[in-house]
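Each chain, written out:
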Amino acid sequence: MSAPHPLSDPQPEAISTDLELDAQIVLGEHQSIAVPVRLGYCADDPYAVALEFLGQASEAGVWQFSRDLLWEGLQKPTGLGDVRVWPPCPCHGRTELRIMLQGDDGSVLLDLPARQIRRWLRRDTFSLVPPGTEGTRIDWDTELHTLTG
């Protein structure tokens, strides 16, 4: 699990967007549990999307991963390591986007409404920071100074 996303402590000048969704934790082929989640995006952290568990599931925390990973996962299976994403698979009757999160304590499969996520990425996040322009939003001198101390 990663550090909290900037949306959890918004700053006045930050430009951000979020989307609350009802996700399904997949327990088996025909079993799932509904859980509320929030996807967040902040132009000050242009490469990342945050997935925050809400309500009783909030102890699962906030997962941060690439916006490109989420977008690409709507088209084809993608991801390595802690976060993997699979597109809807109508041939198997699954219209949701599937995300697998793997942490030290285990893994979880989530199904999320693909249409809403696609719309949110296109209309909201891409309008804040168009794909391919993320690097222009970062102060590389400051980042380098932070890394080198």
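In this text, all values refer to a predicted model and were calculated from it rather than measured experimentally.

J.: Please set out the overall build of the chain residue by residue, giving values where relevant.
T.: From N to C terminus, the chain includes three helices and seven strands. Of the regular secondary structure in the chain, the N- to C-terminal order runs β-β-β-β-α-β-β-β-α-α. In terms of overall dimensions, the chain is globule-like: its C-alpha atoms have a radius of gyration of 16 Å, near the 15 Å expected for 149 residues. Counting only C-alpha atoms, the chain reaches 50 × 30 × 30 Å along its principal axes. Contacts in the chain between residues far apart in sequence, at least 24 positions, make up 43% of those at least 6 positions apart. Carbon and sulfur atoms make up 50% of the accessible area of the chain, which amounts to about 9,000 Å² in all. A distance of 12 Å separates the average location of the 12 positive side-chain charges in the chain from that of its 22 negative side-chain charges.

J.: Before we move on, can you summarise the pairing of strand S7 (residues 106-113) with the specific residues and values?
T.: Relative to S7, strand S1 (residues 16-28) runs antiparallel, the two sharing two bridges. Bridging from a neighbouring strand, Ile 25 pairs with Leu 110 of S7. Of the strand pairs in this sheet, strand S6 (residues 96-103) and S7 are connected by eight bridges, and their pairing is antiparallel. Its bridge partner lying in S7, Leu 97 is registered against Leu 112. Hairpin connection between S6 and S7: a loop of two residues separates the two successive antiparallel strands.

Cut-off values and rules
Residues numbered from 1 in each chain as written. Predicted model: local features only at pLDDT ≥ 70, side-chain atom pairs only at ≥ 80, totals over all residues. Heavy atoms only, no water. Helix = DSSP H or I, 4+ residues; strand = E, 2+ residues; numbered from the N terminus. Rg over C-alpha atoms; globule rule 2.2 N^0.38 Å. Contact = heavy atoms within 4.5 Å. Areas by Shrake-Rupley, 256 points an atom, 1.4 Å probe, with all protein chains shown as cover. Lys, Arg positive; Asp, Glu negative; His and termini not counted. Charge placed at Lys NZ, Arg CZ, Asp CG, Glu CD. Pairing = 2+ DSSP bridges.

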